[in-house]
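If you want the building blocks of each chain, they are given just below.
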Amino acid sequence: LAANRPLICLGEPRPFSEQISKARRLDALGAAISLRSWPSPWQWPVLLADARALSPATRSRLHDPHGAATADAFLHACADGSGMRHSSLIGMPS
């Protein structure tokens, strides 16, 4: 997402399905094309065109250049019980 380039996701099956879940969510948001399996060669031109057609603005909204610091602040707020809401840490309305 940091590169803000067209994205095609193929989530690898994992014990907690985190890759598949993230790929599906990026697809639902319009930030990527998500696939369940490797496409056939003849499918690639359409997939690439579809990925290029997705709005770069959607991808750029999902990238936080200060992501590590944001995650740190969120985790500390959770740990110390200060009650900070995740939305307040990422500049979204509460």
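Presented here is an overview of the structure given in this document. The structure presented is a predicted model; accordingly, all values stated were derived computationally and were not measured. (Residues numbered from 1 in each chain as written. Predicted model: local features only at pLDDT ≥ 70, side-chain atom pairs only at ≥ 80, totals over all residues. Heavy atoms only, no water.)

Here we look at the overall build of the chain
Part 1 of the argument: The number of helices and strands found in the chain is 5 helices and 2 strands.
Part 2 of the argument: The helix and strand sequence of the chain, counted from the amino end, reads β-α-β-α-α-α-α.
Part 3 of the argument: For the chain, the residues scored as buried account for 20% of the 94 residues in total.
Part 4 of the argument: Counted over contacts in the chain with a minimum sequence separation of 6, partners at least 24 positions apart contribute 50%.
Part 5 of the argument: Surface exposure of the chain reaches about 6,800 Å², of which carbon and sulfur atoms provide 59%. (Helix = DSSP H or I, 4+ residues; strand = E, 2+ residues; numbered from the N terminus. Buried < 20%, exposed > 50% of the residue type's maximum accessible area, 1.4 Å probe, protein only. Contact = heavy atoms within 4.5 Å. Areas by Shrake-Rupley, 256 points an atom, 1.4 Å probe, with all protein chains shown as cover.)

Regarding the nonpolar core
Part 1 of the argument: Residues I8, I33, L35, L47, A51 and L54 constitute the largest nonpolar core, which totals 6 residues.
Part 2 of the argument: Among the secondary structure elements, those contributing two or more residues to this core are β2 (33-35) and α2 (44-53).
Part 3 of the argument: Residue contacts for I33: discarding those within four places in its chain leaves L7, I8, C9, D27, L47, D50, A51 and L54. (Core = buried A, V, L, I, M, F, W, Y, C linked by side-chain atoms within 4.5 Å.)

Notes on the side chain of T58
Part 1 of the argument: Mapped onto the fold, T58 is located in helix α3 (residues 56-62).
Part 2 of the argument: Judged by relative accessible area, T58 falls into the buried class, the value being 12%.
Part 3 of the argument: Discounting residues that sit within four places of it in the chain, T58 has contacts with L29, G30 and A31.

A closer look at the pattern of salt bridges
Part 1 of the argument: Under the criterion given, the structure shown has 1 salt bridge.
Part 2 of the argument: Put simply, E18 and R14 hold a salt bridge, and the shortest N to O gap is 3.0 Å.
Part 3 of the argument: On the basis of relative accessible area, R14 is assigned to the partly exposed category, the value being 40%. (Salt bridge = Lys/Arg side-chain N within 4 Å of Asp/Glu carboxyl O.)

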